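# A closer look at the structure
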Amino acid sequence: MKKIYIESLGCAKNQVDSEILLTYADDEGFVRTERPSEADVIVVNTCGFIEDAKKESIDTFFQFRSSYPEKKIVLAGCLAQRYASELELEEADAIFGNHDLSAFPEVLRRLEEKDAEQIVLSPEYPDPDSERDARKYNLSMPRSAFLKISEGCNHCCNYCAIPIIRGPLRSRPFDAVVEEARRLISSGIYEINIIAQDLGAYGTDWGKGERFCELLKTLSVLEGDFVLRMLYIHPDTFPLELIDIVRNSNGKILPYFDIPFQHADHKVLVGMKRTGDRRTYVGLVRRIREALPDAVIRSTLMLGFPGEGREEFEELLRFVEEAQLDWMGSFLYSREEDTPAWSMRNQREHNRAHKVAALWQKELEEIQSRITAERLERFVGKKYRALVEENIAGEDLSIARIYSQAPEVDGATVIMGSDMMPGDVVEVGIRKVRGVDLEAVKIRKIERE
Ligand code: SF4
């Protein structure tokens, strides 16, 4: 039995691609192994949108190469797609782009050919209607899955390489998305995390305005015991109708909003090719909370973008104090070739600005961690449904997540007791805050419908 191992780097959208690659490999008679040492083929599904991610991808590739010199190793994903033609990586047996994953079987077959030369394959996107979406593998925690509704992006923010890598926005056919959601629900998935570069842009590439609100309403009335979580909605085109859709969904759509504001100073945002400012963004946060008092808001903020001085940074600090975000991720601007922002400064200027921004990042994260800790207190003493992810070996503890905790990026809920299985949905009572986590006791198990 041929075996395949996949190392999935980068974002949730890349994870879905890894699940589709494994499904194609399955068609070719491969079974997935979680031990690279057992694999006949190792796939490193890379990320390639900022410097750090590119470095991590190359380092990871070479770790596998040096550990398994005899094995077939495929460099796939965004780094392969972005640099397919110029990547001088003879150590890779294949370099496979991510626009047309249906070409993966060809890579696997050619790898089996004797004395096969290095394979470099990055075909263009196929017709969206022909795109495979049935995944036989789910790399998420039990009963949780990502549902990718589109790829690519038309916003073309000046710093972002994603439109270069993934191309313009490609919304998946409406019925195909609904059908996939149905399949996930009937396979026992409880938490469906809906993802895209910008959910709010869904369907705008069909020329009749966004269709995300309609899609969300359609998904929220599907039969079954499940919840929907939205990840990544661009603030400047945030469909305000969403707020009422969430409020009227009887808890089917979690009041969880991941809105990457990136910054709050208007001048900096305009430099990024965005349109917002502190007042508008705080207004959006307040509007959501007025309608949904239990709403949880996560955001991503960037530091060090050209045009950001101490004054602009302090405008961002004012925003963070006013917005009182629940969760925040911050990263330093990465100067990416072929993006419009590349020419806004040279590398020496960039290195200087980067050092200063790294200090500001510490300042920002200190303020935000205080805000996050304060915001977490509101969960104490209340009851929630929690999806169990794992039991802590050797300790009478289980790790779970309630609605306010997205997979991989937010804190978790630590439940006393280990009489729960990963994938169980349990009702818990929150006892206290423990750093960025919540400590809870189990009240009862919620049986599957
Ligand atoms: S919206 Fe996001 S994915 Fe799209 S260009 Fe801007 S940063 Fe990149």
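Structure: see above.
Residues numbered from 1 in each chain as written. Predicted model: local features only at pLDDT ≥ 70, side-chain atom pairs only at ≥ 80, totals over all residues. Heavy atoms only, no water.

## Considerations on the pattern of salt bridges
Taken as a whole and assessed by the stated rule, the structure comprises 48 salt bridges. With its nearest N and O atoms 3.3 Å apart, the salt bridge here joins Arg431 to Glu439. Residue Arg431 is classed as partly exposed on the basis of its relative accessible area of 45%. By relative accessible area, which is 7% here, Glu439 ends up buried. When salt bridges with common partners are traced through the structure, they connect Glu51, Lys54, Arg82, Glu336 and Glu337 into a single cluster. (Salt bridge = Lys/Arg side-chain N within 4 Å of Asp/Glu carboxyl O. Buried < 20%, exposed > 50% of the residue type's maximum accessible area, 1.4 Å probe, protein only.)

## A look at unusual backbone geometry
Even without glycine at this site, Arg143 takes up a positive phi of about 65°. The residue Arg143 is located in the loop between β6 (119–121) and β7 (144–148) in this model. Although it is not a glycine, Asn250 adopts a positive phi angle of roughly 50°. As for its position among the elements, Asn250 is in the loop between α8 (241–247) and β12 (256–258). A residue is classified by how much of its surface remains accessible, and Asn250, at 78% relative accessible area, is exposed. (Helix = DSSP H or I, 4+ residues; strand = E, 2+ residues; numbered from the N terminus.)

## What to know about the pairing of strand β1 (residues 2–8)
Relative to strand β2 (residues 30–32), β1 is paired through 3 bridges, and the arrangement is parallel. Looking at the pairing, Lys3 lines up with Val31 of β2. (Pairing = 2+ DSSP bridges.)

## Some words on the environment of Glu106
The topology assignment puts Glu106 in helix α4 (residues 104–111). Note on Glu106: relative accessible area 33%, which makes it partly exposed. Separated by 216 residues in sequence, Glu106 and Glu322 have C-alpha atoms that sit 53 Å apart.

## Overview of the state of the cysteines
In protein chemistry, a disulfide is the covalent bond that joins the sulfur atoms of two cysteines. Taken as a whole, this structure holds 0 disulfides when the rule is applied. Note on Cys156: no disulfide assigned, nearest cysteine sulfur contributed by Cys153 at a separation of 6.4 Å. Take Cys213: it sits in no disulfide, and the sulfur closest to it among the cysteines is that of Cys153, at 17 Å. (Disulfide = S-S within 2.5 Å.)

## Some points on the packing of aromatic side chains
As enumerated under the stated definition, the model contains 15 aromatic pairs in all. On the basis of an interplanar angle of 40° and a centroid distance of 4.7 Å, the ring pair of Phe261 and Tyr281 is categorised as tilted. Of this pair, Phe261 sits in the loop between β12 and α9 (266–271) while Tyr281 sits in helix α10 (residues 278–291), placing them 20 residues apart in sequence. For Phe261, a relative accessible area of 0% puts it in the buried group. Taking the centre distance of 6.4 Å and the plane angle of 70° together, the rings of Tyr281 and Phe319 count as edge-to-face. With Tyr281 in helix α10 and Phe319 in helix α11 (residues 310–323), this residue pair connects regions lying 38 residues apart in the sequence. Here the aromatic cluster, defined as three or more aromatic residues joined through ring pairs, consists of Tyr5, Phe64 and Tyr68. It is Arg170 that lies over the ring of Tyr125; its NZ or CZ is 3.9 Å from the centre. The positively charged end of Arg335 is found above the aromatic ring belonging to Trp342, 3.6 Å away from the centroid. (Phe/Tyr/Trp six-rings, centres within 6.5 Å; stacked < 30°, edge-to-face > 60°. Lys NZ or Arg CZ within 6 Å of the ring centre and 35° of its normal.)

## What about the sheet that holds strand β17 (residues 413–416)?
Reading around the circumference, β15-β16-β17-β19-β18 is the order of the 5 strands in this closed barrel, with mixed pairing throughout. If you compare each strand with its neighbour and ignore which way they point, the axes differ by 50° on average. Of the strand pairs in this sheet, strand β16 (residues 397–401) and β17 are connected by 4 bridges, and their pairing is antiparallel. Residue pairing across strands places Leu397 opposite Met416, the latter belonging to β17. (Axes fitted to C-alpha atoms, helices over the stretch in contact; angles between N-to-C directions.)

## Digging into the environment of Leu222
Mapped onto the fold, Leu222 is located in the loop between α7 (212–220) and β11 (227–231). Exposure remark for Leu222: the relative accessible area of 10% places this residue in the buried category. Between the alpha carbons of Leu222 and Ala181 there is a distance of 8.5 Å; along the sequence they are 41 residues apart. Not counting residues within four places of it along the chain, the set of residues in contact with Leu222 comprises Val178, Ala181, Arg182, Ile185 and Lys252. (Contact = heavy atoms within 4.5 Å.)

## What to know about the packing of α10 against α11
With their axes 10 Å apart at the nearest point, α10 and α11 run at an angle of 10° to one another. One way to sum up the angle between α10 and α11 is to call them roughly parallel. Residue-level contacts link Arg278, Tyr281, Val282, Val285, Arg286 and Arg289 of α10 to Glu315, Arg318, Phe319, Glu322 and Ala323 of α11. Classifying every residue of the contact of α10 with α11 gives 5 nonpolar, no polar and 6 charged. (Parallel < 35°, antiparallel > 145°, perpendicular 65-115°, else oblique. Nonpolar A, V, L, I, M, F, W, Y, C, P; charged D, E, K, R; others polar.)

No statement about biological role is implied by the geometric values presented.
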